[in-house]
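Examination of the molecular architecture
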Amino acid sequence: MNQYERRNSQSPITTLVEAFNRLPGIGPKSAQRLAYHVLRAPEKEAQELANSLLEVKRSITLCDFCQNLTDLNPCRICTDSKRDFKTICVVEEPLDVQALERTGSYMGLYHVLHGVIAPSDGIGPSDLKIAELLKRIRDSEVEIDEVIVATNPNLEGDATSMYLARLLGPLGINITHLARGLPAGADLEYADDVTLNRALEFRQKVLD
Amino acid sequence: MSGRIPRVIKTKAIVLAHRRLGDADRIVTMITPQQGKVDAVAKGALKPKSKLAGHVEPLTLTEVSLAHGRTLDIITQAQTQNAYLPIKSDLQKMSTAFYLLELTNRFLIEDVDAGQIFELLDSSLTRLSDGKKSQFVTRVFEFSLLRVIGIKPELMKCVITGKDVDAEKAYWSMVQGGVVHVDSSVKTFDARPLESRVIRVLRAIEFLSFEEICRIKIDPQLSMMLENMMFEFIQVQSELVIKSSSFMGEARRVIASSGTELNNSSRDG
């Protein structure tokens with residue numbers, strides 16, 4: 001029996017367990033629990049789950065402008081006339097857009113890179129949506145004033161941030177990144193040198 | 001009294017890489033002088049208020065306490081000793097550091113003197129932080145690492161006959177692992193002529209001190225020849241593809257096209 005025949009001959013429940021097991025953060029035990037939950041659930045519930053999985057794959061696409069996941073192209077943020085079209089915030093993943101939107105204090109546009117420069121994993125600038133960002137800035141009808149690089153504050157995020165600054169700098173755009181420092185509720189004693197250095201570097205007046 | 005007391009080790013470590021584990025944890029790969037390469041879990045390292053996160057970032061010399069776990073060790077405490085800060089604000093230095101960390105990570109296998117490689121990595125990152133030229137730091141690191149793991153290129157004697165080779169009559173064989181005398185070059189399929197200035201610089205890297213090496217004048221063309229030669233040598237001899245090597249060239253290209261006045265532009269805005 002070859003591998004293809006063996007795969008086809010396994011029971012539907014094994015196939016479902018394997019499908020759940022492929023999801024991030026789901027181990028074999030959790031996959032089994034989820035599969036048996038679906039098995040015991042009413043057929044309507046299973047149908048809804050299957051439909052929503054297919055629907056999300058069929059209807060969600062990438063916005064031509066910001067590369068965020070969307071069911072409308074261009075997405076709602078890119079077509080919102082109340083937003084500041086002169087500012088673009090560059091983030092690593094679509095979830096980062098949601099995190100920044102929750103603050104309610106940013107009214108510019110976004111650009112999702114879908115990753116970060118990670119040379120040791122073989123991920124370089126050409127594997128990210130950097131060419132799309134460059135084209136978007138060059139083709140924009142509105143002159144872009146500022147690009148805020150909101151990559152994660154780690155080695156790969158910093159490499160991406162510096163790479164973008166080098167790449168976009170010659171276009172005469174103001175390239176900034178999010179402030180670095182101590183998180184709210186943190187303890188100074190446990191802060192690392194990089195965080196403390198950045199916190200001192202970007203210190204602010206107590207009263208303006 | 002019964003019950004197993006967890007074994008806790010306190011050691012210096014340089015963090016080489018990390019990967020995500022579940023929602024909030026990280027597996028951190030480190031080089032330590034005594035234990036060699038260690039994978040350990042930094043619990044909660046992805047949470048904003050984590051006490052560990054900043055101390056176990058890649059490219060950090062840190063002192064860690066490791067509790068022996070069932071499958072992986074657990075990092076219970078960490079304190080940064082050197083964050084190599086100047087590297088983290090310079091794209092060229094950072095791309096070099098990525099390469100050094102990956103080389104260490106890929107070549108650090110059992111039966112290798114981890115203490116020697118630890119010292120080599122720390123001194124190379126310190127030199128990079130101190131503003132020493134990336135190309136010299138990289139070439140000296142590569143050469144020293146290859147020597148420790150036993151695949152250093154042979155630069156003085158013909159790898160076919162064992163006789164001394166004059167720089168003017170040197171051919172080069174990646175597969176045989178070093179210089180070949182012009183008279184023996186037909187005996188190995190990949191032997192190719194080698195510019196005498198290349199072999200002279202490589203010999204200087206092998207035998208001179210770092211300070212003396214830094215005084216050597218190397219034009220950009222020679223620098224590229226040396227870099228490509230070492231990349232290819234490492235790949236052929238180790239059968240490993242060092243992924244971060246291409247980013248060094250990409251960083252160099254974008255820096256050249258943006259001009260040097262943009263240094264630290266991302267921080268200055």
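Parameters at a glance
- Residues numbered from 1 in each chain as written.
- Chains lettered and ligands numbered in written order.
- Predicted model: local features only at pLDDT ≥ 70, side-chain atom pairs only at ≥ 80, totals over all residues.
- Contact = placed C-beta atoms within 7 Å.
- Helix = DSSP H or I, 4+ residues; strand = E, 2+ residues; numbered from the N terminus.
- Domains from an automatic or database assignment.
- Expected span 1.5 Å × (residues − 1).
- Buried ≥ 20, exposed ≤ 12 C-beta atoms within 10 Å, placed from the backbone.
- Pairing = 2+ DSSP bridges.
- Axes fitted to C-alpha atoms, helices over the stretch in contact; angles between N-to-C directions.
- Nonpolar A, V, L, I, M, F, W, Y, C, P; charged D, E, K, R; others polar.
- Core = buried A, V, L, I, M, F, W, Y, C linked by C-beta atoms within 7 Å.
- Right-handed = clockwise from strand over helix to strand, strands pointing away.
- Parallel < 35°, antiparallel > 145°, perpendicular 65-115°, else oblique.
- Left-handed = near helix turned anticlockwise from the far one by under 90°.
- pLDDT = per-residue confidence, 0-100.

1. Quick word on the interface of chain A and chain B
In this assembly, 34 residues from chain A lie in contact with 34 residues from chain B. Every element with two or more residues in the side of chain A that touches chain B is listed here: helix H7 (155-168), strand S6 (174-177) and helix H8 (193-201) of chain A. Examining the composition of the side of chain A that touches chain B, we find that nine residues originate from one element, H7(A), more than from any other.

2. Considering the environment of Leu167(A)
Relative to the assigned elements, Leu167(A) resides in helix H7. Counting along the chain gives 23 residues from Leu167(A) to Ile144(A), while the straight-line C-alpha distance between them is 15 Å.

3. A closer look at the domain arrangement of chain A
Each domain of chain A was delimited in the assignment, giving domain 1 (3-59) and domain 2 (79-177). Computed over C-alpha atoms, the centres of domain 1 of chain A and domain 2 of chain A are 36 Å apart.

4. Considerations on helix H4 (residues 43-59) of chain A
The end-to-end C-alpha separation of H4(A) is 24 Å, in line with the 24 Å expected for 17 residues at 1.5 Å each. Judged by how many residues are buried, H4(A) sits mostly at the surface: zero of 17 residues are covered.

5. Looking at the sheet that holds strand S3 (residues 36-42) of chain B
Residue and element names in this part refer to chain B. Here five strands make up a closed barrel; going around it, the order is S1-S2-S3-S5-S4 and the pairing mixed. Strand-to-strand twist of the sheet, defined as the mean angle between neighbouring strand axes without regard to direction, takes the value 50 degrees. Strand direction decides the pairing type here: strand S1 (residues 8-21) and strand S4 (residues 61-67), joined by seven bridges, are antiparallel. Residue pairing for S4: Lys-10 is matched across the bridge by Ser-65.

6. Topic: the sheet that holds S6(A)
Residue and element names in this part refer to chain A. Taken in spatial order, the four strands make up an open sheet running S4-S3-S5-S6, and their pairing is parallel. Pairing within the sheet leaves two strands with one partner each, and these edge strands are strand S4 (108-112) and S6. Along the sheet, successive strands turn relative to each other by an average axial angle of 25 degrees, direction set aside. With four bridges connecting them, strand S5 (residues 146-149) and S6 associate as parallel partners. Across the sheet, Glu-146 pairs through a bridge with Asn-174, a residue of S6. Packed onto the sheet, H7 meets strand S3 (84-91), S5 and S6 and runs at close to 175 degrees relative to S6.

7. Concerning unusual backbone geometry
Of note, the bond from Asn73(A) into Pro74(A) is cis; its omega dihedral lies within 30 degrees of zero at 0 degrees. In this structure, Pro74(A) sits in the loop between strand S2 (69-70) and S3. You will see that Tyr84(B), though not glycine, has its phi angle at about 45 degrees, which is positive. Counting through the fold element by element, Tyr84(B) comes out in the loop between strand S5 (73-82) and helix H1 (91-107). Phi is positive for Glu239(B), which is not a glycine, with a value near 60 degrees. Considering the arrangement of structural elements, one finds Glu239(B) in the loop between helix H6 (220-238) and helix H7 (245-258).

8. Remarks on the domain arrangement of chain B
Residues and elements named next belong to chain B. With domains assigned, chain B is organised as domain 1 (9-82) and domain 2 (88-252). Contacts between domain 1 and domain 2 engage 13 residues on the former and twelve residues on the latter. If you list the elements that add at least two residues to the side of domain 1 that touches domain 2, you get S1, strand S2 (25-32) and S3. Among the residues making up the side of domain 1 that touches domain 2, the classes are represented as eight nonpolar, four polar and one charged.

9. Thoughts on the nonpolar core
In this structure, Val90(A), Met30(B), Ile31(B), Val56(B), Ile75(B), Ala97(B) and Val179(B) are the most contacted members of the largest nonpolar core, which totals 106 residues. If near-sequence neighbours (up to four positions away) are discounted, Ile75(B) is found in contact with Val28(B), Ala40(B), Val41(B), Ala42(B), Leu52(B), Val56(B), Val64(B) and Leu66(B).

10. Overview of the pairing of S5(A)
Residue and element names in this part refer to chain A. Alignment of S3 against S5, held across four bridges, turns out to be parallel. Counted as the bridge partner of Cys-89 is Ile-148 from S5. This β-α-β element, S5 to H7 to S6, shows right-handed connectivity.

11. Points about the packing of H7(A) against H7(B)
At a minimum axis distance of 8 Å, the contact between H7(A) and H7(B) shows a crossing angle of 40 degrees. Accordingly, the angle class assigned to the pair H7(A) and H7(B) is oblique. In this structure, H7(A) crosses over H7(B), and the sense of that crossing is left-handed. Judged by residue contacts, Tyr163(A), Arg166(A) and Leu167(A) of H7(A) engage Val254(B), Ile255(B) and Ser258(B) from H7(B). The residue makeup of the contact of H7(A) with H7(B), split by class, is four nonpolar, one polar and one charged.

12. Focus: the confidence of the model for chain B
All names here are of chain B. This prediction gives chain B a mean pLDDT of 88; 93% of its residues lie at or above 70. Model confidence for chain B, summarised as mean pLDDT per element, is weakest for helix H8 (residues 265-268) at 38 and strongest for helix H2 (residues 114-129) at 96. Considering only residues more than four positions removed or in separate chains, one finds that residues 261-269, a stretch of pLDDT under 50, has 17 contacts. Overall fold confidence (pTM) sits at 0.86, and the ipTM for the predicted complex is 0.85.

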